[in-house]
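Each chain, letter by letter, is given below.
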Amino acid sequence: MPKHYRPPGKKKEGNAARYVTRSQAVKSLQVNLSLFRKLCILKGIFPREPKKKVQGNHHTYYHTKDIAFIQHDPMLEKFREIRAYQKKIKKAKAKKNEELARSLKSREPHVKMDKFIRDRYPTFIDAIRDLDDALSMVHLFAALPAIDRLKIGAERTHNCRRLCHAWQAYISRTHKLRKVFISVKGIYYQAEVEGQKILWLTPHPLQQVLTEDVDFDVMLTFLEFYETLLGFVNFTLYHSINLKYPPILDPLLEAVAADLYALSRYIDAGSRASLPEPQTASSSRSEQEAQEESELRLAQLQHQLPTNEPGALMHLVQDTTSEVEEDEDTRECKKLFQNMKFFLGREVPRESLLFVIPAFGGVVSWEGDGAPFKEADSSITHQIVDRPTQGHMYLSRDYIQPQWVYDCVNARIILPTEPYMVGRVPPPHLSPFVDDEAEGYVPDYAKTIKQLQAAARNDVLPLPGVGKDDLDDPQNLLAEGYINRTEANEAAEKKRKMMLYEKQYHNELKMEIQVDLNINEQNSKEMDLKEESLPDMEQIVKDSDAHSKALMSRRERGLYEAIKIGKERKKAHVEKLKERKRNIQEAQKSDKKQKRA
């Protein structure tokens, strides 16, 4: 009898009972493949990898309980009704009855995502945890062009932009942004909301080229779900700071592509409106305000959002009357760019900087209509440019490259602006998501940033080329003008006494060490005799390792070998980086010698 023989009528057991193939699932649900994919995306069901694939390795498997979960969902019947209704429209068009087709099209039923959101995310924290992919997808489609052939309409692109700007306005207003990293793929942001870390990717503001090998139908299904999810999250977050959602924006600011700036204006207006009004307010005044609000909303609906960026988040950092509990990280981020005014050039990534700088307490403007202040403002402290030459330069401000802002954000200190000045090659842009100690290789600039952070914690920033010993020398401090002559004499006397005490301590320490050395010489002779009889420790380690591997199962042994291979691979990568660093240093030394010669 075969090993896996099952008599007819006997119940299935094991993997054959727990998993079904995709074709079996489609046949059981009586739907087509596209609808099955849509249901799996909306319900959060994904393929499984059973230990033993009964039907073969070329099939996609799903858990039987997941398929039963879809089968008992009332939305399945709703999708069937929609499919039957679409057949009516198609039949009317085939009979050339355009009036009936238009009438049926206007009354076509649609599925709302509200039920799927409630089923998958019972609490608000659950929705926050699953927001990474939603933000990345919405930001991606906000940067894509409108193409009717791929069912990417202009209205959907504008809706994605509104959702992105509303999310960025909240993050910037509440100072929840923590890390930023610019890569080839785009710009990575990490924020902390309700104690949950959220990481998302935004594409670079360039012309996007759409390829034919991407299934946009599947992506649009994800987008339809994520748009609703992000709308619910924005609604809850805005109400947590006493603001209405969706926001009512100024159409004039939208017309000049300052939609984020319009959001900031709305947040400030909402913050001022949250103040308790006196009891003597007349009802006519409230009616007038309601009428103005309805007119503004009507103007907003009639106005089409422009496809171009950017906006500004000028007033997002002003204090509001609503008391929000701020943790230590939020307070630190809020004060990073405090009392600093930035002006952005036309060639820099404007929308990203308009989002990042106010999130860390800075005030920013740009070149164009709707800007809060002009380039000639004398209170500007930093001007961010990315051109080697400037037409007119103001001596009262620093001209820096955009990378300085992102490196300051990741380091949480104000870095020196000299390496980032216009025309110079900036330092390497280090990723804040990489643990250098765990990787085994710490770049030189990471060590420099750590030294600057340590100096900033002590409230003393070393000058370029000045070490800690130079800062402790009173004569150097006197020459630099930090202290007067009387204070320098007192400091020199105190330093002389400390040196005497230190010398006395070292002499006593030498005497104690000499006594210990005499005792250790006697003990070492005794230990040498014992060590001759001890076995080799390396051999003991090898034997114990071999014994442990012999007791492991095949799966555990494979995992152990994979861990060892991973460690060796990481070690080889570190050695390669060090070798590359040595080669660069030798090349720099040879270049300097040639220049001197």
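All of these numbers come straight from a predicted model, not from anything done at the bench.

(A) Just the overall build of the chain, in detail. Scanning the chain for helices and strands turns up 24 helices and nine strands. Counting every position in the chain, which comprises 597 residues, the buried fraction comes to 33%. Residue pairs at least 24 apart in sequence account for 63% of intrachain contacts in the chain once pairs closer than 6 positions are excluded. Surface exposure of the chain reaches about 38,800 Å², of which carbon and sulfur atoms provide 52%.

(B) Seen up close, the side chain of His63. Examined against the element boundaries, His63 turns out to sit in strand 2 (residues 61–63). Judged by relative accessible area, which is 16%, His63 ranks as buried. Of note is the side chain of His63, whose polar atom sits 3.2 Å from the backbone nitrogen of Lys65. Those residues in contact with His63 that lie beyond four places of it in its chain are Arg18, Tyr19 and Arg48.

(C) Spotlight on the UniProt feature "coiled-coil region" (unreviewed entry) in the chain. According to UniProt, the feature "coiled-coil region" (unreviewed entry) maps to residues 75–102 in the numbering used here. When the span residues 75–102 is considered, its composition is 89% helix and 0% strand, and the gap between its end C-alpha atoms is 26 Å.

(D) Inspection of the sheet that holds strand 6 (residues 341–344) at higher detail. Reading across the sheet, the four strands line up as 7-6-8-9 and stay open at both edges, with parallel pairing between neighbours. The two strands at the open ends of the sheet, each matched to only one other strand, are strand 7 (363–366) and strand 9 (398–400). Going from strand to strand, the sheet's axes swing by 25° on average, the running direction of each strand aside. Note: strand 6 against strand 7, four bridges, orientation parallel. Bridge pairing links Phe342 to Val364 in strand 7. Strands strand 6, strand 7 and strand 8 (382–384) of the sheet are contacted by helix 16 (residues 350–359), whose axis makes an angle of about 160° with strand 7.

(E) Looking closely at the nonpolar core. Among the nonpolar cores identified, the biggest contains 96 residues, and Leu131, Trp167, Leu177, Phe337, Val356 and Leu415 are the most heavily contacted of them. Per-element accounting of this core gives the leading share, 11 residues, to helix 11 (residues 216–240). If we skip the residues at most four places from it in the chain, Val356 touches Leu177, Val180, Tyr189, Val405, Tyr406 and Val409. One finds Tyr85, Ile89, Ala92 and Ala101 within the second-largest nonpolar core, a separate group that totals five residues.

Criteria and cut-off values
- Residues numbered from 1 in each chain as written.
- Predicted model: local features only at pLDDT ≥ 70, side-chain atom pairs only at ≥ 80, totals over all residues.
- Heavy atoms only, no water.
- Helix = DSSP H or I, 4+ residues; strand = E, 2+ residues; numbered from the N terminus.
- Buried < 20%, exposed > 50% of the residue type's maximum accessible area, 1.4 Å probe, protein only.
- Contact = heavy atoms within 4.5 Å.
- Areas by Shrake-Rupley, 256 points an atom, 1.4 Å probe, with all protein chains shown as cover.
- Polar contact = N/O pair within 3.5 Å; in protein donor to acceptor, adjacent residues only side chain to side chain.
- UniProt positions renumbered as here; feature names shortened; annotations may be inferred.
- Pairing = 2+ DSSP bridges.
- Axes fitted to C-alpha atoms, helices over the stretch in contact; angles between N-to-C directions.
- Core = buried A, V, L, I, M, F, W, Y, C linked by side-chain atoms within 4.5 Å.

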